[in-house]
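The lines below spell out each chain.
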Amino acid sequence: PGAGCDEFAGDYGNSQYRVRIKAPPVDGTANRHLAAFLAQEFGVAKTAVELVRGKASRDKLFRIQSPGKLPPCLTKKE
């Protein structure tokens, strides 16, 4: 939270990714902003992104239903 721009910032492995977002970590604002960012990046409606685990943690698990696309940083380079 509090980054200069919204972006994927790296791969942690095991299908985990570091994401930077602009929103402040106050009253769930960052979680809602992150969900909206993920919805945009995966080409789905905001309602298709669900925070499964980590509401108050830096480590979060989101479920994205029927992604329409993969962000370029998540596609494997061959």
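Q: Got a minute to help me understand the environment of leucine 34 in this structure?
A: Following the sequence through the fold, leucine 34 ends up in helix α1 (residues 29-42). The exposure class of leucine 34 is buried, given its relative accessible area of 12%. For leucine 34 and glutamate 7, which are 27 residues apart along the polypeptide, the C-alpha to C-alpha distance reads 10.0 Å. Those residues within four positions of leucine 34 in sequence are excluded, and the remaining contacts are Val19, Ile21, Lys60 and Phe62.

Q: How should I be thinking about the packing of aromatic side chains in this particular structure?
A: Each aromatic ring pair is specified by the distance between its two centres and by the angle formed by the two planes. Taken as a whole, this structure holds one aromatic pair when the rule is applied. Both rings, one in phenylalanine 8 and one in phenylalanine 37, keep their centres 5.5 Å apart while their planes meet at 45°; by these two values the pair is tilted. Of the two residues, phenylalanine 8 sits in strand β1 (residues 7-13) while phenylalanine 37 sits in helix α1, which places them 29 residues apart along the sequence. What makes phenylalanine 37 buried here is its relative accessible area of 7%.

The rules behind each value
Residues numbered from 1 in each chain as written. Predicted model: local features only at pLDDT ≥ 70, side-chain atom pairs only at ≥ 80, totals over all residues. Heavy atoms only, no water. Helix = DSSP H or I, 4+ residues; strand = E, 2+ residues; numbered from the N terminus. Buried < 20%, exposed > 50% of the residue type's maximum accessible area, 1.4 Å probe, protein only. Contact = heavy atoms within 4.5 Å. Phe/Tyr/Trp six-rings, centres within 6.5 Å; stacked < 30°, edge-to-face > 60°.

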